[in-house]
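Close look at the chain arrangement
Chain residues, written in single-letter form:
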Amino acid sequence: MSKTHLGHRARKRFGQNFLHDTFVIDAIVDAIDPQVGQSLVEIGPGLAALTEPVCDRIEQLTVVELDRDLADRLEQHPFLQQKLTVYRGDALKTDFSQFQHDGAKLRVFGNLPYNISTPIIFHLLNQMESIEDMHFMLQKEVVERLAAEPGSKAYGRLSVSVQQACAVEHVLNVPPGAFTPPPKVESAVVRLTPYAEPPHPVHDRKTLQQLCLVAFNQRRKTIRNNLKQLISAEQLEALGIDPGARPETLSVADYCRLANWYYEQQREQQE
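Residues numbered from 1 in each chain as written. Predicted model: local features only at pLDDT ≥ 70, side-chain atom pairs only at ≥ 80, totals over all residues. Heavy atoms only, no water.

Running from amino to carboxyl end, helix 7 (residues 205-215) crosses helix 10 (residues 252-270) at an angle of 110 degrees, the nearest separation of the two axes being 9 Å. Compared by their axis directions, helix 7 and helix 10 come out roughly perpendicular. Between helix 7 and helix 10 lies a crossing whose hand is right-handed. Counting all contacts with helix 7, which are made through Thr 207, Leu 208, Leu 211, Cys 212 and Ala 215, the residues of helix 10 involved are Tyr 255, Cys 256, Leu 258, Ala 259, Tyr 262 and Tyr 263. Classifying every residue of the contact of helix 7 with helix 10 gives 10 nonpolar, 1 polar and no charged. (Axes fitted to C-alpha atoms, helices over the stretch in contact; angles between N-to-C directions. Helix = DSSP H or I, 4+ residues; strand = E, 2+ residues; numbered from the N terminus. Parallel < 35°, antiparallel > 145°, perpendicular 65-115°, else oblique. Left-handed = near helix turned anticlockwise from the far one by under 90°. Contact = heavy atoms within 4.5 Å. Nonpolar A, V, L, I, M, F, W, Y, C, P; charged D, E, K, R; others polar.)

Okay, structure coming up:
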């Protein structure tokens, strides 16, 4: 490992836990499989635990880093500075399409700070047309929610929103000891691959996300109760959905039908 890892203390406010286990790092980089000529973007490179081995395989990498000290360090890095473009900013407010060159889609990866991992995924879901795939280290519980099937406790707004847009693949589990400081939770790496043609298309992803937010707000209540401000029981039945069902029993296809109906209603009211 390079000496640049010394001397930076993890900051709680950035949710920083630095990866140091070389076996785990190699497994993650192998899963990403970066190739020369691809447009790769890393979110939150931190102390360059993934940045360095990725740069060993490619000539150019864009990194998005909010922490000024770490951004400075990366720009002055003796081995990496020739290959890195450091974008100083908040990934949650970043338009990722600006990193595209010659129309090549982006391959996005990162060990995401756990406190903002879900909002970052939602932010990227609204930029799918720019992205080829994503590899993220996340809290294992979040990966379970991403991949959850209907009827399970983990299934919710995140599952539906992500599965509508992407194929979800659990790549590997990562123990707390692979980090400094060790987090109190298990971690895992997930691969999200946006569909060229989603199996369940929606008119508008934000409408789907907002509808899921309302639907899953009170999981113990029926879908009729949770959505009563938006849709009648009769209309649920007309869409092939049992009004007495619990929100976690509806499939991704069901939520997409609901979102499309609701979007069309809103459009009609505006016209």
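Spatially, 4-3-2-5-6-9-7 is the arrangement adopted by the 7 strands of the open sheet, whose pairing is mixed. The sheet terminates laterally at strand 4 (84-88) and strand 7 (166-174), the two strands that pair on one side only. Each strand of the sheet is rotated relative to its neighbour by a mean of 20 degrees, with strand direction disregarded. Of the strand pairs in this sheet, strand 5 (residues 106-111) and strand 6 (residues 131-139) are connected by 6 bridges, and their pairing is parallel. Residue Val 108 lies in a different strand from strand 6, and its bridge partner there is Met 134. Together, strand 2 (39-43), strand 5, strand 6, strand 7 and strand 9 (187-194) form the strand contacts of helix 1 (residues 22-32), whose direction differs from that of strand 7 by roughly 160 degrees. Contacting strand 2, strand 5, strand 6 and strand 7, helix 4 (residues 117-125) runs over the sheet at an angle of about 170 degrees to strand 6. (Pairing = 2+ DSSP bridges.)

Right, let's get into the UniProt feature "domain: Ribosomal RNA adenine methylase transferase N-terminal" (unreviewed entry) in the protein. When the UniProt feature table is mapped onto this chain, "domain: Ribosomal RNA adenine methylase transferase N-terminal" (unreviewed entry) is found at residues 24-196. Strand forms 28% of residues 24-196 and helix 28%; the C-alpha atoms that close the span are 30 Å apart. (UniProt positions renumbered as here; feature names shortened; annotations may be inferred.)

Thr 180 connects to Pro 181 through a cis peptide bond whose omega is -15 degrees. Mapped onto the elements of the fold, Pro 181 is located in the loop between strand 8 (179-180) and strand 9. Of note in this structure, Ala 48 is not a glycine but carries a positive phi near 70 degrees. On the secondary structure map, Ala 48 appears in the loop between strand 2 and helix 2 (51-55). The buried category is assigned to Ala 48, whose relative accessible area is 2%. The backbone phi angle of Asp 102 is positive, close to 55 degrees, even though this residue is not glycine. Residue classification places Asp 102 among the exposed residues on the basis of a relative accessible area of 84%. (Buried < 20%, exposed > 50% of the residue type's maximum accessible area, 1.4 Å probe, protein only.)

Looking now at the domain arrangement of the protein. Domain assignment breaks the protein into domain 1 (4-194) and domain 2 (205-269). Measuring from the centre of the C-alpha atoms in domain 1 to the corresponding centre in domain 2 gives 32 Å. Counting from both sides, the interface comprises 16 residues of domain 1 and, opposite them, 16 residues of domain 2. The junction of domain 1 with domain 2 conceals about 1300 Å² of combined surface from both sides, 61% of it contributed by carbon and sulfur atoms. In this assembly, domain 1 and domain 2 are joined by 0 salt bridges. Inspection of the domain 1/domain 2 interface yields 6 residue pairs in polar contact (both at pLDDT 80 or more). (Domains from an automatic or database assignment. Buried area = accessible area lost by both parts, 1.4 Å probe. Salt bridge = Lys/Arg side-chain N within 4 Å of Asp/Glu carboxyl O. Polar contact = N/O pair within 3.5 Å; in protein donor to acceptor, adjacent residues only side chain to side chain.)

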